[in-house]
Amino acid sequence: TPDTVGALAADHLRQCGVPATLHQLRHTFATEAARVPGADPWSVAALMGHQQLDTTMLYVSLAGRDTAPMVAAMYDDAA
């Protein structure tokens, strides 16, 4: 069952010294994929197996993301 797989994986991760669950690793994967230069949310959604972009965005953390270069590129003539 999914619960059994989750429990076995959690035990294995703990034995390897990884203080995370599979679900936490999934969040990390989504966040790191979204931070790749040129990545778009639809590609991340496809990698995650999500049908809805809203679901993917629940997984992606934007904390610590430097958005200044994106804004500067949008308005490069303002500088």
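Residues numbered from 1 in each chain as written. Predicted model: local features only at pLDDT ≥ 70, side-chain atom pairs only at ≥ 80, totals over all residues. Heavy atoms only, no water.

**Some words on the overall build of the protein**
When you go through the protein residue by residue, the secondary structure sums to five helices and zero strands. Secondary structure elements of the protein occur, N-terminal to C-terminal, as α-α-α-α-α. Projected onto its principal axes, the C-alpha coordinates of the protein cover approximately 55 × 30 × 15 Å. For the protein, the proportion of its 79 residues judged to be buried stands at 19%. A sequence separation of at least 24 residues applies to 38% of the contacts in the protein between residues at least 6 apart. (Helix = DSSP H or I, 4+ residues; strand = E, 2+ residues; numbered from the N terminus. Buried < 20%, exposed > 50% of the residue type's maximum accessible area, 1.4 Å probe, protein only. Contact = heavy atoms within 4.5 Å.)

**Notes on the packing of helix α2 (residues 22-35) against helix α3 (residues 41-48)**
Here α2 crosses α3 at 150°, and the two axes come no closer than 9 Å. Here α2 lies roughly antiparallel to α3, going by the angle between them. Every pair of crossing elements has a handedness; the one defined by α2 and α3 is right-handed. Contacts between α2 and α3 pair R26, F29, A30, A33 and A34 from the former with V44, L47 and M48 from the latter. Residue classes in the contact of α2 with α3 are distributed as seven nonpolar, no polar and one charged. (Axes fitted to C-alpha atoms, helices over the stretch in contact; angles between N-to-C directions. Parallel < 35°, antiparallel > 145°, perpendicular 65-115°, else oblique. Left-handed = near helix turned anticlockwise from the far one by under 90°. Nonpolar A, V, L, I, M, F, W, Y, C, P; charged D, E, K, R; others polar.)

**Quick notes on the confidence of the model for the protein**
Chain-level statistics for the protein give a pLDDT mean of 87 and a share of 94% at 70 or above. Within the protein, α3 carries the highest mean pLDDT (94), whereas helix α5 (residues 68-74) carries the lowest (79). (pLDDT = per-residue confidence, 0-100.)

**A closer look at the pattern of salt bridges**
A full pass over the atoms with the stated rule returns two salt bridges. Between R14 and D11 there is a salt bridge, with the nearest N and O atoms lying 2.4 Å from each other. With R14 and D11 both in helix α1 (residues 2-15) and three residues apart, this pair spans about one turn of that helix. R14 sits in the exposed class, given a relative accessible area of 56%. (Salt bridge = Lys/Arg side-chain N within 4 Å of Asp/Glu carboxyl O.)

**Digging into the side chain of H50**
The topology assignment puts H50 in the loop between α3 and α4 (53-59). At 2.8 Å, the side chain of H50 forms a polar contact with the side chain of T56. Residue contacts for H50: discarding those within four places in its chain leaves R26, A45, T55, T56 and Y59. (Polar contact = N/O pair within 3.5 Å; in protein donor to acceptor, adjacent residues only side chain to side chain.)

**Description of the nonpolar core**
A general feature of soluble globular proteins is that nonpolar side chains tend to end up buried together. If you look at the biggest cluster of nonpolar residues, it comprises seven residues: A30, A33, A34, V44, M48, Y59 and V60. Contributing elements (two or more residues each) for this core: α2 and α3. (Core = buried A, V, L, I, M, F, W, Y, C linked by side-chain atoms within 4.5 Å.)

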